[in-house]
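Listed below are the residues making up each chain.
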Amino acid sequence: MTAVTRDGETFVIEAPVLAAALGWTEDEVRAGMRDGTITSRCETGLDADAGRWRLTFHHEGRACRFVVDAVGNILAQARFPVRTASG
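Keep in mind the model is a prediction, meaning the values are calculated, not measured. (Residues numbered from 1 in each chain as written. Predicted model: local features only at pLDDT ≥ 70, side-chain atom pairs only at ≥ 80, totals over all residues. Heavy atoms only, no water.)

With respect to topology, 4 strands assemble into an open sheet ordered S3-S4-S5-S6, the strand pairing being antiparallel. With partners counted over all chains shown, the strands left at the sheet margins are strand S3 (39-44) and strand S6 (74-81), one partner each. Neighbour-to-neighbour, the strand axes of this sheet turn through a mean angle of 15°, independent of strand direction. The pairing of strand S4 (residues 52-59) with strand S5 (residues 62-69) spans 8 bridges and is classified as antiparallel. When the bridges of S5 are listed, Leu-55 appears paired with Phe-66. Contacting S4, S5 and S6, helix H1 (residues 15-22) runs over the sheet at an angle of about 135° to S5. (Pairing = 2+ DSSP bridges. Helix = DSSP H or I, 4+ residues; strand = E, 2+ residues; numbered from the N terminus. Axes fitted to C-alpha atoms, helices over the stretch in contact; angles between N-to-C directions. Contact = heavy atoms within 4.5 Å.)

Right, dumping it as structure tokens:
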């Protein structure tokens, strides 16, 4: 089993994986997803990146990104600061 599962164009990432990437507990991740303080975006790779997807999770001024293949294997992972609407 992979840390990311895919159902059509929908991906689900396991809470422990996202918690580790954000430096949070699993309960904090679940709460953030429920209350909307963690948002996500899925982008489909084109051309040389065909067959890959970029899953990005945002919380306040931070983001973590996973690049996954068609079966959910994590190919790359990164954390980085992002600009917010207020700053």
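Moving on to unusual backbone geometry. Residue Asp-47 is not a glycine yet carries a positive backbone phi of 50°. Inspection of the secondary structure puts Asp-47 in the loop between S3 and S4. Exposure remark for Asp-47: the relative accessible area of 77% places this residue in the exposed category. Phi is positive for Glu-60, which is not a glycine, with a value near 50°. Relative to the helices and strands, Glu-60 is located in the loop between S4 and S5. (Buried < 20%, exposed > 50% of the residue type's maximum accessible area, 1.4 Å probe, protein only.)

Summed over all chains, the structure comprises 5 salt bridges. Two residues, Arg-30 and Asp-27, come together in a salt bridge whose shortest N-O distance is 3.8 Å. Of this pair, Arg-30 and Asp-27 both sit in helix H2 (residues 26-35), 3 residues apart, which is roughly one turn of that helix. Looking at Arg-30, the relative accessible area reads 38%, which means it is partly exposed. Judged by relative accessible area, Asp-27 falls into the exposed class, the value being 56%. As a salt-bridge pair, Glu-43 and Arg-41 come within 3.9 Å of each other at their nearest N and O atoms. Note on Arg-41: relative accessible area 52%, which makes it exposed. Each member of the salt-bridge network shares a partner with another, and the members are Glu-26, Asp-27 and Arg-30. (Salt bridge = Lys/Arg side-chain N within 4 Å of Asp/Glu carboxyl O.)

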